[in-house]
Structures are given as structure tokens and as C-alpha cells.
Amino acid sequence: RSTQAKTLFPYTTLFRSEEVYKPGLDPYVSRVIMLQIGAEENVFVIDTRCTDITPLYPLLNSKEITWVGANLKFEAKHLKHNYNVLFHKIWDCMLVDMNLTNGLDLGYSLAKMAERHLGIKNVNQVDLFTDQDEDDVFIDKSTRLGFIDIGNNPFTYDQVVYGANDITYPLAIKKLQLQGRNGYNPAALHELENEFCLVLADIELQGITFDKEKWLKVAESKQLIFEQRLKKLNTHVESNYPEFCTKPDLFSPGKVCNIQWTSSQQVVELFKHIGFCPKEKSKETGKMEFTVGAKALGKLLPANYKELFRTDKETEIATQEDLILNFLLFKKAEQAVTTFGKEFLKYVHPVTGKLHSSYRQILNTGRISSNAPNCQ
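S.K.: So what exactly am I meant to see when it comes to helix α6 (residues 157–177) here?
M.R.: For the α-helix, the turn length of 3.6 residues means that residues three or four positions removed from each other point alike. End to end, α6 covers 30 Å across 21 residues, agreeing with the expected 30 Å (1.5 Å per residue, within 8%). Of all the bends in α6, the largest measures some 30 degrees and sits at Asn165. Listing the buried residues of α6 in full gives Gln159, Tyr162, Gly163, Ala164, Asp166, Ile167, Tyr169, Pro170, Leu171, Ile173, Lys174 and Gln177.

Structure, rendered in C-alpha cells:
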């Protein structure tokens, strides 16, 4: 028997900031309001605000049942946190579809898979100029938005049907996936990825311990280094390249460097003027273009300067290599005060005090990725 559980948008919100840990998505700041469970012949949509689901615990924790759904890592986290329910065997249609398409980005939301496998379209595709068959079936994703402000109101008919489809669609998709794709059906890979999904769910829910006070101390020291390196670059330009400085006036009697060192284009203009700006193939245009990227500039440095960069040691700016080295060290300091400075504290969870990175399990490169924050 195949079953699925599903959580939707929050009934209560525990904090205001929604930049990283969003209500309705994060288990620590959301409450489960709807749980759907069933097989092909029967689907039950349960309002957990007024229904005790503890009688279902033996079923939900069963080691024999294979739970079918899409993006089951989401369900695994919510059910474990809210009910201490542990999945043991799953069939995640999203992961299986990624395996079967072998890296092609075809879209793996349940709506996209339902369209691709079952011919069920998004209601937004309906217009006056496209012929529609009277038997066409559509998904109205706007129904989901009704859960945001539902409060204590009962579910609407459309919301119940929407919830039930979260059971029936994955079950139908699984039947087709079992047949493979163009003769390709890596069963062992499906099994491994489904097992690993539950590992990632646990990793995300547990989070990573974070020392906020120590991080702030390091960030403050990096800020000083950043400011010192910025001043050093500005002073060099003001002493040697007046054409890249603002002219003196009543308010600024001395020359002031006019280059924003965080702007690659402005630094490119300076390095072109000096005569050592390298070129590399642009990922956007595919053409060779001037660049001040670290990889291209690094090629211009001799081995001893590369070692200075690796060990984060500056030199006085007297040569072309000195300027490149000090600019690259400035960029390193810039990343330390932006990506890894005080701004990084937005990733500290307001409830757990930990970092709860989100992992994307299957990329078309065969790797895994991590974001919010990137912990790899």
C-alpha cells in the first residue's frame, strides 16, 4: 500500500523575518494544518487543527510501507518535528524523475510532472486562443495560496481536492516511472537516492551548531582589514593616476580616488589604462572580454606572489604584480565582510540558533548543492 503525508502553509507564525526561514516551508516556524494519506482507491484529507492523528502513528512509523510523494524531504522534516514520525521507505517521484531524465532540466514540481506524465495542465495555460478538450484536467495552483490566511476557517472543497491530488498524482506517476524511460530504469539508483533523501531531511532538520559571538568577533577583525586594503588601493591611485580621481574643490582639497573597487567594470578600465588587463571567455556572451576575475589575474602572478595570496600577505604597491596581488587580497577581504560578515547572521535560525542549510540532492553535474547558506 502506498501512502503520503503532506504539510501546507502555516496556521501560526513564530517570528516576523521571512527572508531565509519562511513560514509554511520551515518546520520550526509552521504548524501542520492538513495531512493527506491514502492509496489509489481511498484518500483521506485530515484537518489536523481539530483532529488527533495519534491513532495513525503506528501506520506512519511503519517500516513496511513505502510512502509515495513528490519532494518528500519536506514532509519528512515537518512530520518528524511536529509528530516525531520517521519515514523508513519512500518513493520520491521528483528524485526518480531526475534519475530517469539523467540531468535534463525538465521541471520537477508536482505540477510539471503531472503535465509531463499524466497530461494534466496548469489552469494558467487556459486562454481564448488555445483549443481545449472537454475532458482536459487542470491544476489550479492558486488554490494553495488560500491556506496562507485560512485561520480557523474550514477547508474549501477546492482545497480538499487539491490536497487529495497530492496523493493520487504521485501514485499515478510512480506507475509510469516503474516502466523506466526509453529503456533506462536504474532501480538501484532510485533506491539509493530515496534512502539518501531521508538522511538529508534529518541533516537539514538537525542543523549546524553556530557560535554567533565568535563569528561577530572575526567579522569585526575582517572589517578592519577590508578598510585598510581599500585605503591602500585608493592611496596608490591618488598618487599615480590623477585621471581616475575627482578634482579638488572647496569641500575636498585633495585628490580622491574615483574608482569603486567593488565594480569590476571600473577596475577593468583602470587596468586597461595601465596596460595589463587580461581577457577570458565570457560565460554570458561566449566572447573573449577584458576581466579582473581572480582566475585570470592569478595567471599573471609569479609563483612567489601566488604564495603571498594563499597566505594572505600584502606587499607595498610598486609593480604591476604588487597591484594585482593587493587587488586580489582586497577582493578576498570584501568577501569576508559581505558573504561571510555580519550579513551572514541572517542564516542563524531564530528558534534553534543553528544554521539549517537546504540541500539539493541531484544536479545535472552529478553533484549535490547547498544554499541558504551554502555550507559546501
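S.K.: I'm lost on the nonpolar core in this one. Help?
M.R.: Nonpolar side chains tend toward joint burial in soluble globular proteins. Of all hydrophobic cores here, the largest spans 37 residues; its most connected members are Trp67, Phe87, Ile90 and Met113. Counting only elements with at least two residues in this core, the list comes to β2 (34–38), β4 (66–69), α2 (72–83), β5 (89–92), α3 (93–101), α4 (110–118), α6 and α7 (187–206). In terms of residue count, α3 provides more of this core than any other element does, 6 residues in total. With 29 residues, the next largest nonpolar core counts Val237, Val267, Val292 and Leu297 among its residues.

S.K.: Just to check I follow, could you spell out the pairing of β2 for this structure?
M.R.: Look at any regular strand and the pattern is simple: side chains alternate between the two faces of the sheet. Within β2, 5 of the 5 residues are buried, leaving the element largely enclosed by the surrounding structure. Of the two faces of β2, the one lined by Met34, Gln36 and Gly38 and the one lined by Leu35 and Ile37 are each fully buried. As paired strands, β2 and strand β3 (residues 43–47) are joined by 5 bridges and run antiparallel to one another. For Leu35, the partnering residue across the bridge sits in β3 and is Ile46. Linking β2 to β3, which pair antiparallel, is a turn of 4 residues.

S.K.: Just checking my understanding: could you explain a nonpolar patch on the surface for this structure?
M.R.: Residues Phe196, Val199 and Ile203 make up a contiguous nonpolar surface patch of about 230 Å² in total accessible area. As for its placement among the helices and strands, Val199 is situated in helix α7. For Val199, a relative accessible area of 41% corresponds to the partly exposed category.

S.K.: What's the story with the side chain of Gln159 in this structure? I'm lost.
M.R.: Following the sequence through the fold, Gln159 ends up in helix α6. A relative accessible area of 5% means that Gln159 is categorised as buried. A polar contact is formed between the side chain of Gln159 and the backbone nitrogen of Thr156, at a distance of 3.0 Å. If we skip the residues at most four places from it in the chain, Gln159 touches Met34, Thr143, Gly146, Phe147, Ile150 and Pro154.

S.K.: Explanation requested: the environment of Tyr21 in the structure shown.
M.R.: Of note, Tyr21 is situated in the loop between β1 (2–3) and β2. In this structure Tyr21 comes out as buried when scored by relative accessible area, which is 5%. From its side chain, Tyr21 meets the backbone oxygen of Tyr347 in a polar contact 2.5 Å long. Polar side-chain contacts of Tyr21 include one of 3.0 Å to the backbone nitrogen of His356.

S.K.: When you look at the environment of Leu25 in this model, what are you seeing that I'm missing?
M.R.: Mapped onto the secondary structure, Leu25 falls in the loop between β1 and β2. Residue class for Leu25 comes out partly exposed when judged on its relative accessible area of 47%. Taking the C-alpha atoms as reference points, Leu25 and His78, 53 residues apart in sequence, are found 8.8 Å from one another.

Rules used in this analysis
Residues numbered from 1 in each chain as written. Predicted model: local features only at pLDDT ≥ 70, side-chain atom pairs only at ≥ 80, totals over all residues. Heavy atoms only, no water. Helix = DSSP H or I, 4+ residues; strand = E, 2+ residues; numbered from the N terminus. Expected span 1.5 Å × (residues − 1). Bend = angle between axes of the 7 residues up to and from the residue. Buried < 20%, exposed > 50% of the residue type's maximum accessible area, 1.4 Å probe, protein only. Core = buried A, V, L, I, M, F, W, Y, C linked by side-chain atoms within 4.5 Å. Pairing = 2+ DSSP bridges. Patch = residues over 30% accessible without salt bridge, like charges linked within 9 Å, V, L, I, M, F, W, Y side chains within 5 Å. Areas by Shrake-Rupley, 256 points an atom, 1.4 Å probe, with all protein chains shown as cover. Salt bridge = Lys/Arg side-chain N within 4 Å of Asp/Glu carboxyl O. Polar contact = N/O pair within 3.5 Å; in protein donor to acceptor, adjacent residues only side chain to side chain. Contact = heavy atoms within 4.5 Å.

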